[in-house]
Amino acid sequence: MWRLWGTLGLQDIRQRYRRSILGPFWLTLSLAILVCTLGLLYGQLMGKSYREYVPHLTLGFISWQLINGLVSDGCKVFISAEAWIKSVRSPLSLFVWQLTWRHLVIAAHNMLVYVGVALLLGIWCGLEGLLVVPGLLLVLANAVWVMLLVGILCARFRDIPPIVSSLMRLAFFVTPILWMPDQLGTRSHLALFNPFTYFVEVLRGPLLGYVPSAATWMLALAVTIVGWSVTWPMFVRFRGRVPYWL
Amino acid sequence: MALRVLMVSLHLKKVSVDFPLYGLRGRSLKQSLLRIGSGNRIGRDSKDRIVIRALHRISLQFEKGDRVGLIGSNGAGKTTLLRVLAGIYEPTSGTLRVDGHVTSMLNIRLGIDQEATGYENIYLRGLAMGMTPEEIRQRTAEIAAFTELGNHLNLPLHTYSTGMRMRLAFAVATAVEPDILLMDEWIGAGDASFTEKASKRMNELVERSGILVLASHNASLIERTCNKVVLLDQGKVAAFGPVSEIMPAYRKAS
């Protein structure tokens with residue numbers, strides 16, 4: 001089955017950039033422009049040095065685009081696969097893998113921007129960088145339950161996609177991407193009330209060369225366990241109903 | 001498909017399918033819907049939701065060699081029944097047992113990408129039909145030859161005429177080795193000379209499939225292709241038997 005979702009996921013990207021010269025590297029370019037501009041402006045506003053702020057911002061954006069893409073597109077994961085679901089028997093997980101794969105490929109294109117930033121500023125993450133692997137696995141383990149949950153809910157209740165998209169917009173501003181947690185001063189623990197903080201942290205921390213705190217890992221793991229224990233019974237109960245709702 | 005299933009069969013036992021009607025607000029609308037009733041097909045389920053009964057206690061049994069024609073007026077439940085057989089709709093009640101691999105040809109354009117080339121689309125369509133990449137590779141030459149599209153297959157699909165697209169979709173769809181083949185209306189393609197070739201290929205496909213279930217409004221097609229007929233009426237099986245028994249009565253009635 002991996003060949004099917006692998007092909008479909010790439011096809012999604014190819015379809016979008018067919019006949020364009022840069023193709024999916026438009027993603028890279030637009031992120032590069034965003035990071036350069038915001039890096040200059042907000043670095044100044046936040047009173048942070050370029051060296052400190054730009055890598056933080058770049059990795060924050062890349063992580064956020066991955067997480068936000070998976071959650072927001074997760075709302076339509078089954079709705080947009082209606083033609084497939086209604087004409088061939090296909091496991092619902094197929095479309096979840098397709099979407100996950102698509103966003104991983106996009107993230108890989110975005111990562112080129114960070115490679116550029118790291119080379120220019122002479123940043124080397126060291127061995128700590130390897131921790132991005134468990135970090136990414138943790139993010140994906142959560143993305144999958146979120147996609148199943150919102151995918152099923154959105155198929156049944158069509159009011160949920162706009163709710164999710166406005167929540168995600170809010171989440172972007174309360175997650176330390178444009179700003180840094182230490183700017184909260186004595187209240188830096190406030191950022192921990194926002195689960196998106198941990199998931200951005202487990203991706204960004206290792207690549208910047210520091211180990212995210214034990215609390216971050218524990219909280220991320222706790223979210224994973226709670227999320228799956230809510231989603232799995234619901235998925236088993238309602239997966240057969242999804243074709244009826246489309 | 002190295003491992004072909006020896007036993008090929010389809011068993012439906014008292015299968016019912018209810019579609020819930022969502023987005024109905026207000027009691028009065030519900031009441032009036034229930035009053036109209038549309039041939040007793042609108043009712044309430046155990047949770048007091050308004051539902052439309054698409055299939056009502058269908059019991060059928062198809063074995064290897066059965067060529068089943070599915071007939072009935074619009075809204076009789078033909079497509080819904082095909083979707084149940086394909087494993088798309090889980091029956092609301094009753095059981096379905098399937099032995100063999102089901103190939104559903106309910107949408108032969110599924111997976112087609114207008115921007116991709118003909119060859120790429122053969123691959124995409126093949127995957128969508130459930131073929132493995134090896135199977136597709138083995139059959140690509142044969143599929144390409146059948147389409148008679150030649151070098152056009154290297155061009156993106158949006159440069160094709162409608163007829164050329166149909167040929168391509170048809171050629172891939174009919175390249176499968178089905179145990180159980182489900183079809184919503186007969187598929188055909190192209191101009192006069194191609195139509196003949198296409199219908200020959202369709203007959204070969206039907207011959208090598210274990211069971212065929214074909215929904216159609218075309219009575220003479222059913223008589224030519226099928227040996228059994230299921231007549232659906234308002235979601236119920238009105239008649240099931242050999243073509244020679246059912247079709248004359250059906251023709252007379254309609």
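Since this is a predicted model, take the numbers as computed values, not measurements.

Criteria and cut-off values
- Residues numbered from 1 in each chain as written.
- Chains lettered and ligands numbered in written order.
- Predicted model: local features only at pLDDT ≥ 70, side-chain atom pairs only at ≥ 80, totals over all residues.
- Heavy atoms only, no water.
- Helix = DSSP H or I, 4+ residues; strand = E, 2+ residues; numbered from the N terminus.
- Buried < 20%, exposed > 50% of the residue type's maximum accessible area, 1.4 Å probe, protein only.
- Contact = heavy atoms within 4.5 Å.
- Areas by Shrake-Rupley, 256 points an atom, 1.4 Å probe, with all protein chains shown as cover.
- Domains from an automatic or database assignment.
- pLDDT = per-residue confidence, 0-100.
- Buried area = accessible area lost by both parts, 1.4 Å probe.
- Nonpolar A, V, L, I, M, F, W, Y, C, P; charged D, E, K, R; others polar.
- Polar contact = N/O pair within 3.5 Å; in protein donor to acceptor, adjacent residues only side chain to side chain.
- 1 Å grid on protein atoms, 1.4 Å probe; cavity = no way out; pocket = protein on both sides within 12 Å on 5 of 7 lines; lining within 4 Å.
- Points joined across faces, edges and corners; volume = space filled by probe spheres on them.

Caption draft 1: Spatial organisation of the overall build of chain B. For chain B, the helix and strand inventory stands at eight helices and ten strands. Burial statistics for chain B: of 254 residues in total, 48% are counted as buried. For chain B, long-range pairs separated by at least 24 residues make up 72% of all intrachain contacts whose partners lie at least 6 apart in sequence. With an accessible surface of roughly 12000 Å², chain B has 51% of that area assigned to carbon and sulfur atoms.

Caption draft 2: Broad picture of the domain arrangement of chain B. Taken as a whole, chain B is organised into domain 1 (10-101 + 215-253) and domain 2 (110-177). Each of domain 1 of chain B and domain 2 of chain B has a C-alpha centre, and these two points are 33 Å apart.

Caption draft 3: View of the confidence of the model for chain B. Residue and element names in this part refer to chain B. Per-residue pLDDT for chain B averages 85, and the proportion of residues at 70 or more is 89%. Helix 1 (residues 27-36) is the least confidently modelled element of chain B, averaging 63 in pLDDT, while helix 2 (residues 78-85) averages 94, the highest of any element. If you check the scores for this complex, the pTM reads 0.89 and the ipTM reads 0.83.

Caption draft 4: Region of interest: the interface of chain B and chain A. Chain B puts 30 residues into the contact, and the matching count from chain A is 21 residues. Regarding the contact of chain B and chain A, the summed buried area is about 2300 Å², with carbon and sulfur atoms giving 54% of it. Contributions of two or more residues to the side of chain B that touches chain A are made by strand 1 (9-20), helix 3 (118-128) and helix 4 (133-147) of chain B. At five residues, the largest contribution of residues to the side of chain B that touches chain A is made by helix 3 of chain B. Across the side of chain B that touches chain A, the residue classes tally to 16 nonpolar, six polar and eight charged.

Caption draft 5: Representation of the side chain of T231(A). All names here are of chain A. Mapping T231 onto the fold places it in helix 9 (residues 214-238). When its relative accessible area of 1% is taken as the criterion, T231 is described as buried. Of the polar contacts made by the side chain of T231, one reaches the backbone oxygen of G227; its length is 2.8 Å. Contacts of T231, omitting those with residues within four sequence positions, involve W145, L148 and L149.

Caption draft 6: Examining empty space enclosed by the protein more closely. Per the stated rule, a full pass over the model turns up one cavity of 30 Å³ or more. Space inside the largest cavity adds up to approximately 30 Å³. Along the walls of the largest cavity sit S87(A), V88(A), S104(B), N107(B), L110(B), R125(B) and M129(B), which together make up its complete lining. Residue composition of the lining of the largest cavity, by class: three nonpolar, three polar and one charged.

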